[in-house]
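Below, each chain spelled out in residue letters.
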Amino acid sequence: MSISTSSRNWWEQAVVYQIYPRSFADSDGDGVGDLRGVVSRLDHLSRLGVDAIWLSPIFESPMADFGYDISDHCRVDPLFGGDDDARLLIEEAHRRGIRVLFDLVLGHTSDRHRWFQASRQDRTNPYRDFYVWRDGPTPGRADGGPPNNWEAGFPAGARAWTFDDLSGQWYLHSHLPQQPDLNWENPIVADEQERVLRFWLDAGIDGVRLDSINRLGKDPLLRDNAPGLPLRQQDWPNLHERLVRVRSVLDKYPGTLAVGEVWLFDQQLLVPYLSDDELHLAHNFVFARADADATGLAAILSEFGDLVPDPGRAAWFVSNHDEPRPRSRFDRDGYGLQRAELIAMLLASLRGTTFLYQGEELGLADTPIPPDRVVDLNGRDPQRTPMPWRAPSVSGPGAGFTTGRPWLPITPDAEAMNVESQRTDARSTLNLYRRLIGIRRDRLRAVTGRHLADVPVEGVLRVVNQVPAGRYETLLNFGVEGAVVPIPDGARLLIGTDRDRRDVGPGRVELGGLEGVMVEHRYSEVHER
Ligand code: NOJ
């Protein structure tokens, strides 16, 4: 395998690309993406320069939550191909020097999983205790309501309990009723999930993204949530010993990574998850949901650096299959693409690991979904529509994603917004990303210490990275008016979002509204002056 090793963990300063397999590339014309499709498009990822891919779940699933409801963790769903296709994908990615992360859902299964099917049979079934079953105030009946007031993640506000007529009790589900929560108080559940983790690590993956990991621990007494207090159904201290166990498995497979979806909105709460014997990285939702605003971003970046002294432990991202695409999110005045490109430059500059969601590299917008095509009742279809690979005028209406009818509509912008057209356009968003990722790999991999973030001039975010021979400054004007920003004498332009910019300085850069630049300042050159 052509993957180099160095003393720094491979994921530090890396770029990880998230693939939502249903929507990446369809090799068999059924309208849903699959693993052979992913393999067929790996060269796009090599050219882009990413270090790793993270695939949303590909395991056997009834697809109530599009793969996050797993009925067999150790089998690839036939919709995505087969087990051999997973092996092929790992091999082909590794051949290109791209590492592979799978998405493990440790906290819940599908209601069609054989464990849950057995668990429902009767209260003495050996699998009963794999899930969280309780009586409500009226034992054996639904009419007294559920055991407590916990709410499910979606649909928002729905209760987290469903009454099961077959066995006459309520079961807990943090998400859909089709996703019953596993009972991690039962040590056999931990043993079984450890087996799953080993199964895929033995198959050669390089790490895992751990779904909804803050839900792995809850109040074992199942007490009601109380107003003004943190929710009792998540982020409970008992989850940390569980993460230590997961980590101890990964540690037996050197060089593997665990990145957790810690769906919490206070950076302080991430800190315990990043103890040395727990997660390597935790996705930072405070940053992901931040406005495109210099002062707010500088504060978030600085706070994280103060809370987590090891700069290699940050996991930065702005979108994924659950979140709106940045171009749409920042589009309040028609400048969504400009802000999305500033954020791309910011991500390239940050110390830590950055994650990119498929289509972000094209500057894709969310796709409006006509009511008769809605499939996700939680509103996440617009960011999950298929990757446009080629212009429909040359490849047909499937835009190179499929020859069939796509499971979600193709973006109406596909004629201009597709990989092939952008590849040959030097001014495209795709080529900006490719160059930014190249700069991150070739120059910023060597940075030491944490980055410093501040606002030197109103509206402008500055990120400074040190290398032994100099420093890099990334200057992002989030204001719509121009701004003049001081830069070190001798600093020179590395890259800018304005495709016509040729230089900066001396001593200052005049940024246009919503313009960003990255400059390099080598100490030796100053001394030679
Ligand atoms: C987080 C995943 O990203 C989301 O898509 C899923 O619906 C929930 N976890 C439940 O697994």
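The structure displayed is predicted, hence computed values, not measured ones. (Residues numbered from 1 in each chain as written. Predicted model: local features only at pLDDT ≥ 70, side-chain atom pairs only at ≥ 80, totals over all residues. Heavy atoms only, no water.)

Asker: How would you explain the environment of His108 if you had to name every residue and give the values?
Answerer: Within the secondary structure, His108 is located in the loop between strand S5 (99-104) and helix H4 (114-121). Sequence spacing of His108 and Tyr131 is 23 residues, and the spatial spacing of their C-alpha atoms is 8.6 Å. Excluding residues within four positions of it along the chain, His108 makes contact with Tyr68, His73, His175, Gln179, Pro180, Asp181, Leu182 and Asp211. Polar contacts involving the side chain of His108 include one to the main-chain carbonyl oxygen of Tyr68, which spans 3.2 Å. (Helix = DSSP H or I, 4+ residues; strand = E, 2+ residues; numbered from the N terminus. Contact = heavy atoms within 4.5 Å. Polar contact = N/O pair within 3.5 Å; in protein donor to acceptor, adjacent residues only side chain to side chain.)

Asker: Could you give an account of the site of the ligand, with specific residues and numbers?
Answerer: Lining the immediate surroundings of the ligand are 14 residues, of which Asp65, Asp211, Ser212, His321 and Asp322 lie closest. One of the side-chain N or O atoms of Asp322 is found 2.5 Å from an oxygen atom in the ligand. Take Arg380: an N or O atom from its side chain is 3.0 Å from an oxygen atom of the ligand. Bound to the protein, the ligand loses 97% of the 300 Å² it would expose on its own. Mapped onto the domain boundaries, the shell around the ligand takes at least three residues apiece from domain 1 (15-108 + 187-219 + 230-436) and domain 2 (109-183). (Near = heavy atom within 4 Å. Areas by Shrake-Rupley, 256 points an atom, 1.4 Å probe, with all protein chains shown as cover. Domains from an automatic or database assignment.)

Asker: Describe in detail the sheet that holds strand S2 (residues 52-55), supporting the description with residues and values.
Answerer: The parallel closed barrel is built from eight strands, whose spatial order is S1-S2-S5-S9-S10-S11-S12-S13. Neighbour-to-neighbour, the strand axes of the sheet open up by a mean angle of 25°, direction not taken into account. As judged from the four bridges shared by strand S9 (residues 207-210) and strand S10 (residues 257-260), these two strands associate in the parallel manner. Among the inter-strand pairings, Arg209 is bridged to a residue of S10, identified as Val259. Sitting on the sheet, helix H3 (residues 83-95) is in contact with S2 and S5, with an inclination near 145° to S5. (Pairing = 2+ DSSP bridges. Axes fitted to C-alpha atoms, helices over the stretch in contact; angles between N-to-C directions.)

Asker: Quick one: what's the story with the packing of aromatic side chains, residue by residue and with numbers?
Answerer: Geometry of an aromatic ring pair is reported as the spacing of the ring centres plus the angle between the planes. One pass over the structure, following the stated rule, counts 23 aromatic pairs. Seen from their ring centres, Phe116 and Tyr131 are 4.9 Å apart, and the 80° between their planes marks the pair as edge-to-face. Residue Phe116 is located in helix H4, and its partner Tyr131 is located in the loop between H4 and strand S6 (133-134); the two are separated by 15 residues in the primary sequence. Accessibility expressed as a relative area gives 2% for Phe116, which makes it buried. Taken together, the ring pairs connect Phe59, Phe102, Phe199 and Trp200 into an aromatic cluster. (Phe/Tyr/Trp six-rings, centres within 6.5 Å; stacked < 30°, edge-to-face > 60°. Buried < 20%, exposed > 50% of the residue type's maximum accessible area, 1.4 Å probe, protein only.)

Asker: Describe helix H14 (residues 429-442), and please don't skip the residues or the numbers.
Answerer: Its 14 residues give H14 an end-to-end C-alpha distance of 20 Å, which sits within 8% of 20 Å, the value for a rise of 1.5 Å per residue. Listed as buried for H14 are Thr429, Leu430, Asn431, Leu432, Tyr433, Leu436, Ile437, Gly438, Ile439 and Arg440. (Expected span 1.5 Å × (residues − 1).)

Asker: Which residues make up the packing of helix H11 (residues 336-349) against H14, and what values do they have?
Answerer: Contact pair H11 / H14: the axes reach a minimum separation of 9 Å and the direction vectors enclose 15°. By the angle between their directions, the pair H11 and H14 is classed as roughly parallel. The interaxial crossing formed by H11 with H14 has right-handed handedness. For the pair H11 and H14, contact is made by Leu337, Ala340, Glu341, Ala344, Met345, Leu347, Ala348 and Ser349 and by Thr429, Leu432, Tyr433, Leu436 and Arg440, respectively. Residues belonging to the contact of H11 with H14 are distributed by class as follows: nine nonpolar, two polar and two charged. (Parallel < 35°, antiparallel > 145°, perpendicular 65-115°, else oblique. Left-handed = near helix turned anticlockwise from the far one by under 90°. Nonpolar A, V, L, I, M, F, W, Y, C, P; charged D, E, K, R; others polar.)

No statement about biological role is implied by the geometric values presented.
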